[in-house]
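Structural description and commentary
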Amino acid sequence: MHEPMNDGRPIFVQIAEHIENEILEGSLAELGQVPSTNQFAAFYKINPATAAKGVNVLVNEGILFKKRGIGMFVAEHAREKLIEKRKRTFFKDYVAAMLREAEKLDITKKALIHMIEDGQ
Amino acid sequence: MTAEIKADHVSLRLGKQNVLSDLSFQLKGDKIYGLLGRNGAGKTSLLSLLASFREPTEGTILINGEIPFENDRVMSRVNFVYGRDQSSETEKVKGMLEFAERYRPNWDGAYALKLVKRFKLPMDQKVNALSKGKQSALDVVIGLASRTPVTIFDEAYLGMDAPSRSIFYEELIKDYAEHPRCMILSTHLISEVASLMEEVMIIDRGKLLLHESVDSLMAHGLSVTGPVEQVDALTRDLHVLKEQQLGRTKSVMIYGQLESARQSEFEAAGLELGPISLQELFIYLTEHEGEEA
């Protein structure tokens, strides 16, 4: 049973992000077909209108495109576009939060850089 | 045909009690609607009006432009599934399905059998010998396989265990996706069905409190957490639903449209902003004076 859609953010945002991750990780290839909104709805037990809203976010960003009567596909260069997009929010989403936590724990910048370089 | 339900200044009095007061709303299109309300708020009374079990004392209800009460054409298109007492129902499961097949023009027998298997219902057993959970499952099977243009599930899950409820939600959304129709879910298990609904109506003490899309309702709720003084100063003019304090940290739940400039102001002050779940919104919006902890 799948119940991932309850981290508090709007469900359509989580659907869009889920598809983005699949593209970034390569499990959805460029020009490959994306599951239908009904399949998303059944899999996650969400309203099909919500699933469609999530998919449409990505259509509007040019990540997915629609072939009439056939379905939804991943656009060319979608991965590149997504990497650019995620990089823009990487600092705010990950680095800023890490710096705040480090400050709370009195971890110096130097120690932090050390951790990153050593990978532990 | 897409279903359309219209209630115009509907009131219902039973004896001296005003059960429903002046409800007006429109359900337009094949969507999944949630009807939420506390115990005794009038949910089942409202649904029984839609299902033609009763007539309103005042006002009118129209389903596809027709008054449903004692109207065969409308009644065969509306299915009201609720936790009824079946202690004297000696018909077998099989017989119940056959009866539904005769009465429901859109009946899908193959689908009904598939659901019977999923819910592990014994075809040859009498209904009153089934457990409450299995009786509910049978009602759900008939409700889904009837494919009526208006399908109402009023706490249809009574007695069903968590795995059975999960099957119910899964089948409901799958079948709705393939055969869109107007579905109305009335439930107390809000967190279980929040993601299934497209629009929500909340009724409180017989009155319609709100009718909105789930998205817009969720967008109206926000929790703000931070140091007491700052939270107080920044949320003074807002509609606060609930306040909680732990030491020097205060958390308030606010309700209403918040401009993004205002949100940025909160963030700049180091306050933590978060969403409120539909269940929490429901609890605080329908909490009456003297009930708070």
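These numbers were taken from a predicted model, which means no experiment stands behind them.

Looking at the element boundaries, Val 231 of chain B is found in helix α9 (residues 228-235). It is 9.2 Å that separates the C-alpha atoms of Val 231 of chain B and Ala 269 of chain B, two residues lying 38 residues apart in sequence.

For the rest of this paragraph, the subject is the interface of chain A and chain B. Of the residues lining the interface, 13 residues belong to chain A; the matching set on chain B comes to 15 residues. When chain A packs against chain B, the two sides together hide about 1100 Å² of surface, and 60% of this comes from carbon and sulfur. Summed over the three residues of chain A that lose the most area to chain B, namely Ala 42, Lys 45 and Asn 47 of chain A, the buried surface amounts to 46% of that side. Scanning the region where chain A abuts chain B turns up six residue pairs in polar contact (both at pLDDT 80 or more). Only α1 (11-24), α2 (37-44) and α3 (48-60) of chain A provide two or more residues apiece to the side of chain A that touches chain B. Partitioned by chemical class, the residues of the side of chain A that touches chain B number eight nonpolar, three polar and two charged.

Bringing the sheet that holds strand β11 (residues 240-246) of chain B into the picture now. All names here are of chain B. In spatial order, the strands read β11-β12-β10-β13; together these four strands make up an open sheet with antiparallel pairing. Both edges of this open sheet fall to β11 and β13 (272-274), since each of them pairs with a single strand only. Between one strand and the next, the sheet's axes are offset by a mean angle of 15°, whatever the strand orientation. Summarising the sheet, strand β10 (residues 221-227) and β13 pair through three bridges and their orientation is antiparallel. Pairing of Thr 225 across the sheet is with Glu 272, part of β13. Strand contacts of helix α10 (residues 260-268): β10, β12 (249-255) and β13, with the helix running at about 135° to β13, the strand carrying the most contacts.

Let us look at the pairing of strand β3 (residues 71-74) of chain A. All names here are of chain A. In this structure, strand β1 (residues 33-34) lies alongside β3, joined through two bridges in antiparallel fashion. Counterpart to Gln 33 in the pairing with β3 is Phe 73. Across four bridges, the pairing between strand β2 (residues 64-67) and β3 is antiparallel. In the sheet register, Lys 66 faces β3, and the bridge partner there is Met 72. The antiparallel pairing of β2 with β3 creates a hairpin that spans three residues between the two strands, and Gly 69 there sits at a positive phi of about 75°.

Okay, the domain arrangement of chain B next. Residues and elements named next belong to chain B. Entries for chain B in the domain assignment read domain 1 (4-89 + 143-216) and domain 2 (220-285). Taking only C-alpha atoms into account, the centre of domain 1 sits 33 Å from that of domain 2. Facing 12 residues of domain 1, the contacting portion of domain 2 comprises six residues. Taken over both partners, the interface formed by domain 1 and domain 2 buries close to 840 Å², and the fraction arising from carbon and sulfur atoms is 71%. Sorting the residues of domain 1 by area buried against domain 2 places Ile 190, Ile 202 and Ser 216 first, and these three jointly supply 40% of that buried surface.

Before going further, it helps to examine empty space enclosed by the protein. Residue and element names in this part refer to chain B. Across all of its chains, the model carries one cavity of 30 Å³ or more by this definition. Estimates place the volume of the largest cavity at around 60 Å³. At the level of elements, α6 (162-178) and β7 (182-186) are the ones that each hand at least two residues to the lining of the largest cavity. Of the residues that constitute the lining of the largest cavity, the class distribution is seven nonpolar, two polar and one charged.

Okay, the sheet that holds β1 of chain A next. One open sheet accounts for three strands, arranged β1-β3-β2 (chain A); its pairing is antiparallel. On the outer flanks of this sheet lie β1 and β2 of chain A, each paired with one strand and no other.

Here we take up the packing of aromatic side chains. The full count for this structure, using the stated rule, is nine aromatic pairs over all chains. Note on Phe 43 of chain A and Tyr 44 of chain A: the rings are 4.9 Å apart at their centroids and 90° apart in plane angle, and the pair reads as edge-to-face. Assessed through its relative accessible area of 43%, Phe 43 of chain A is described here as partly exposed. Residue Tyr 44 of chain A is classed as buried on the basis of its relative accessible area of 6%. Taken together, the aromatic side chains of Phe 53, Phe 80 and Tyr 82 of chain B make up a single cluster linked through ring pairs. Above the face of the Phe 12 of chain A ring, Lys 53 of chain A is positioned so that its terminal group lies 4.3 Å from the ring centre. Across the ring face of Phe 73 of chain A, the terminal group of Lys 67 of chain A is positioned such that the distance to the ring centre comes to 4.3 Å.

The relative placement of two packed helices is expressed as an angle between their axes plus a distance between the axes. Residue and element names in this part refer to chain A. Where α1 meets α3, the closest approach of the two axes is 8 Å, and the angle between their N-to-C directions is 55°. The angle between the axes of α1 and α3 places the two elements in the oblique class. Note that α1 runs across α3; the crossing there is right-handed. Here Ile 11, Phe 12, Ile 15, Ala 16, Ile 19 and Glu 20 of α1 lie close against α3, whose contacting residues are Thr 50, Ala 51, Lys 53, Gly 54, Val 55, Val 57 and Leu 58.

The rules we used
Residues numbered from 1 in each chain as written. Chains lettered and ligands numbered in written order. Predicted model: local features only at pLDDT ≥ 70, side-chain atom pairs only at ≥ 80, totals over all residues. Heavy atoms only, no water. Helix = DSSP H or I, 4+ residues; strand = E, 2+ residues; numbered from the N terminus. Contact = heavy atoms within 4.5 Å. Buried area = accessible area lost by both parts, 1.4 Å probe. Polar contact = N/O pair within 3.5 Å; in protein donor to acceptor, adjacent residues only side chain to side chain. Nonpolar A, V, L, I, M, F, W, Y, C, P; charged D, E, K, R; others polar. Pairing = 2+ DSSP bridges. Axes fitted to C-alpha atoms, helices over the stretch in contact; angles between N-to-C directions. Domains from an automatic or database assignment. 1 Å grid on protein atoms, 1.4 Å probe; cavity = no way out; pocket = protein on both sides within 12 Å on 5 of 7 lines; lining within 4 Å. Points joined across faces, edges and corners; volume = space filled by probe spheres on them. Phe/Tyr/Trp six-rings, centres within 6.5 Å; stacked < 30°, edge-to-face > 60°. Buried < 20%, exposed > 50% of the residue type's maximum accessible area, 1.4 Å probe, protein only. Lys NZ or Arg CZ within 6 Å of the ring centre and 35° of its normal. Parallel < 35°, antiparallel > 145°, perpendicular 65-115°, else oblique. Left-handed = near helix turned anticlockwise from the far one by under 90°.

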